[in-house]
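Residues per chain are reported as follows:
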Amino acid sequence: MHQRPGLGIFLILLMAACFAALDTSVKYLGPFLPVLVLLWARYAFQAVAMGAWLLLRSGPGFRVAHPKFQLARGALLMTASVMSFVGLKYMPLAEFTAVGMLAPVVVTSLAALFLNEPVSRLRWALVITGFAGALIVIRPGSGVFGWVAAFPLLMALAYGSFQALTAKLAALEQPLTTHFYTGLIGLLTMTAALMVSGVDTPAVLRNAPTHHLVLLLALGAFGTAGHLFLILALGMAPTATLMPFIYLQIPFALAASALVFSHLPDVWAWFGMAVIAASGAATVWLNVSSASPTRRPDSPVAAGTTAD
């Protein structure tokens with residue numbers, strides 16, 4: 001495909017906006033609808049939309065070469081989504097987004113500890129810097145966030161594991177097909193969870209006002225479209241060019257936090273978020289720019305930083 005870096009960066013901006021809109025919708029709906037219903041809607045839209053995409057387009061279909069990989073990958077992403085959707089109920093949007101974007105430094109740590117990949121001193125310094133930024137944001141023991149700060153950290157850990165697995169195995173499967181099965185696994189799991197949870201989903205949906213139902217549909221669309229924009233962007237420009245722009249999700253989240261929830265972080269949180277963004281973007285750039293062409297991340301989630 002012809003390289004078009006300007007269009008690729010624009011698609012990354014659309015992706016960041018979609019994921020910020022998804023998180024904003026989740027945080028807004030959290031007090032009104034059960035989290036399981038929000039998760040079900042998120043994955044149902046992805047499964048249906050990607051299934052229709054695969055049926056209509058020519059090329060790869062529904063067949064997968066490694067179903068165990070699909071199951072493990074889907075389970076890890078779903079775990080990250082649960083941490084995200086629950087955590088957004090209790091933490092401000094911008095701060096949660098920033099701490100959750102520690103995934104690249106988590107991947108670096110996992111690669112060194114479990115995959116026996118060499119990690120330079122510079123990368124370890126960026127890992128330490130990224131976690132220091134997270135500590136500045138959440139300030140353990142200060143009473144600012146307390147135990148809820150565990151949610152973005154656990155999300156980053158789950159999504160970092162998801163990325164590490166995908167980076168090893170992404171070339172074995174088609175990205176669009178994998179994207180469909182991620183949605184399908186999430187949909188089936190959330191459907192089973194709703195069935196045993198006691199949540200009366202039909203009643204919840206009947207009693208929800210129209211604008212809540214519209215947002216419920218929109219959050220699924222935002223998540224699915226965000227990943228599609230990332231898939232398309234990776235075909236337009238080198239990964240090293242695109243990935244640092246993913247951190248523009250943080251200013252999008254800041255704007256949404258101010259406009260929708262009338263919340264702005266304090267000075268220390270601003271500083272911590274800047275540290276996380278700088279260390280994360282530098283880590284991503286080092287990871288993809290030093291990789292050989294044969295190891296270029298073919299999957300959007302192999303290169304991405306967000307669990308949405």
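Visitor: Would you explain the overall build of the protein in this entry?
Guide: From N to C terminus, the protein includes 14 helices and zero strands. Traced from its N-terminal end to its C-terminal end, the protein shows the element sequence α-α-α-α-α-α-α-α-α-α-α-α-α-α. Across the 308 residues in the protein, those meeting the buried criterion constitute 52%. The contacts in the protein between residues at least 6 apart in sequence include a share of 89% that link residues at least 24 apart.

Visitor: Just checking my understanding: could you explain the pattern of salt bridges for this structure?
Guide: Proximity of charged atoms lets side chains of opposite charge pair with each other. Summed over all chains, the structure comprises one salt bridge. With its nearest N and O atoms 3.0 Å apart, the salt bridge here joins R139 to D266. In this pair, R139 is assigned in the loop between α6 (121–138) and α7 (150–169) and D266 in the loop between α12 (249–261) and α13 (267–289), connecting sequence segments 127 residues apart.

Visitor: Would you mind showing me how to read the packing of aromatic side chains here?
Guide: Aromatic ring pairs: the centre-centre distance and the angle between the two ring planes describe each pair. Enumeration according to the criterion identifies seven aromatic pairs in this entry. Judged by centre distance (5.7 Å) and plane angle (65°), the ring pair of W147 and F151 falls under edge-to-face. The exposure class assigned to W147 is exposed, which follows from its relative accessible area of 60%. Taking relative accessible area as the criterion, F151 reaches 14% and is therefore assigned buried.

Visitor: Looking at this model, I keep getting lost on the packing of helix α3 (residues 67–90) against helix α8 (residues 175–197). Mind explaining?
Guide: Helix-helix packing: each pair is described by the crossing angle between the helix axes and the interaxial distance. Here α3 crosses α8 at 65°, and the two axes come no closer than 9 Å. The two elements α3 and α8 meet at a crossing, and its hand is right-handed. On the side of α3, the interface is formed by Q70, L71, R73, G74, A75, L77 and M78, while α8 contributes T178, Y181, T182, I185, G186, T189 and M190. A breakdown of the residues in the contact of α3 with α8 according to their chemical character gives seven nonpolar, six polar and one charged.

Visitor: For this particular structure, what's the right way to read the environment of L36?
Guide: Within the element layout of this structure, L36 appears in helix α2 (residues 35–56). Assessed through its relative accessible area of 23%, L36 is described here as partly exposed. Non-local contacts of L36, meaning those with residues more than four positions away in its chain, are made with M190, A193, L194 and S197.

Visitor: What is the right way to look at a nonpolar patch on the surface in this model?
Guide: A contiguous nonpolar surface patch, about 420 Å² in accessible area, is contributed by Y28, F32, L259 and V260. By secondary structure assignment, the location of F32 is in the loop between α1 (5–29) and α2.

Visitor: Please clarify how the packing of α2 against α8 should be interpreted in this entry.
Guide: Running from N to C, α2 and α8 point in directions that differ by 145°, and their axes come no closer than 7 Å. Both α2 and α8 take part in a crossing whose hand is left-handed. Looking at the contact of α2 with α8, its residues break down into 17 nonpolar, nine polar and no charged.

Visitor: Would you mind showing me how to read α12 here?
Guide: Since the α-helix advances by 3.6 residues per turn, residues separated by three or four positions end up pointing in the same direction. In a regular helix each residue adds 1.5 Å, so 13 residues correspond to 18 Å; α12 covers 17 Å between its end C-alpha atoms and thus fits that length. For α12, the full list of buried residues reads Q249, I250, A253, L254, A256 and S257. Axial view of α12: buried residues confined to an arc of 165°, hence all on one face. Within two residues after α12, S262 carries a phi angle of roughly 55°, on the positive side.

Visitor: Explanation requested: the nonpolar core in the structure shown.
Guide: Among soluble globular proteins, nonpolar side chains are generally buried collectively. Grouped together as the largest cluster of nonpolar side chains are 72 residues, with contacts concentrated most on L38, F85, L216, L219 and I250. Excluding residues within four positions of it along the chain, L216 makes contact with L29, L33, V37, L38, A41 and L205. By size, the runner-up hydrophobic cluster in this structure holds seven residues, among which are M50, L54, L176 and L228.

Visitor: Could you clarify how one ought to interpret the environment of I250 in this entry?
Guide: Inspection of the secondary structure assignment puts I250 in helix α12. Relative accessible area serves as the criterion here: at 5%, I250 is assigned to the buried category. Residues I250 and A16, spaced 234 residues apart in sequence, show a C-alpha to C-alpha distance of 8.4 Å. Among all residues touching I250, those that are not within four sequence positions of it are T97, A98, M101, M273 and A277.

Rules behind the numbers
Residues numbered from 1 in each chain as written. Predicted model: local features only at pLDDT ≥ 70, side-chain atom pairs only at ≥ 80, totals over all residues. Heavy atoms only, no water. Helix = DSSP H or I, 4+ residues; strand = E, 2+ residues; numbered from the N terminus. Buried < 20%, exposed > 50% of the residue type's maximum accessible area, 1.4 Å probe, protein only. Contact = heavy atoms within 4.5 Å. Salt bridge = Lys/Arg side-chain N within 4 Å of Asp/Glu carboxyl O. Phe/Tyr/Trp six-rings, centres within 6.5 Å; stacked < 30°, edge-to-face > 60°. Axes fitted to C-alpha atoms, helices over the stretch in contact; angles between N-to-C directions. Left-handed = near helix turned anticlockwise from the far one by under 90°. Nonpolar A, V, L, I, M, F, W, Y, C, P; charged D, E, K, R; others polar. Patch = residues over 30% accessible without salt bridge, like charges linked within 9 Å, V, L, I, M, F, W, Y side chains within 5 Å. Areas by Shrake-Rupley, 256 points an atom, 1.4 Å probe, with all protein chains shown as cover. Expected span 1.5 Å × (residues − 1). Arc of directions from axis to C-beta. Core = buried A, V, L, I, M, F, W, Y, C linked by side-chain atoms within 4.5 Å.

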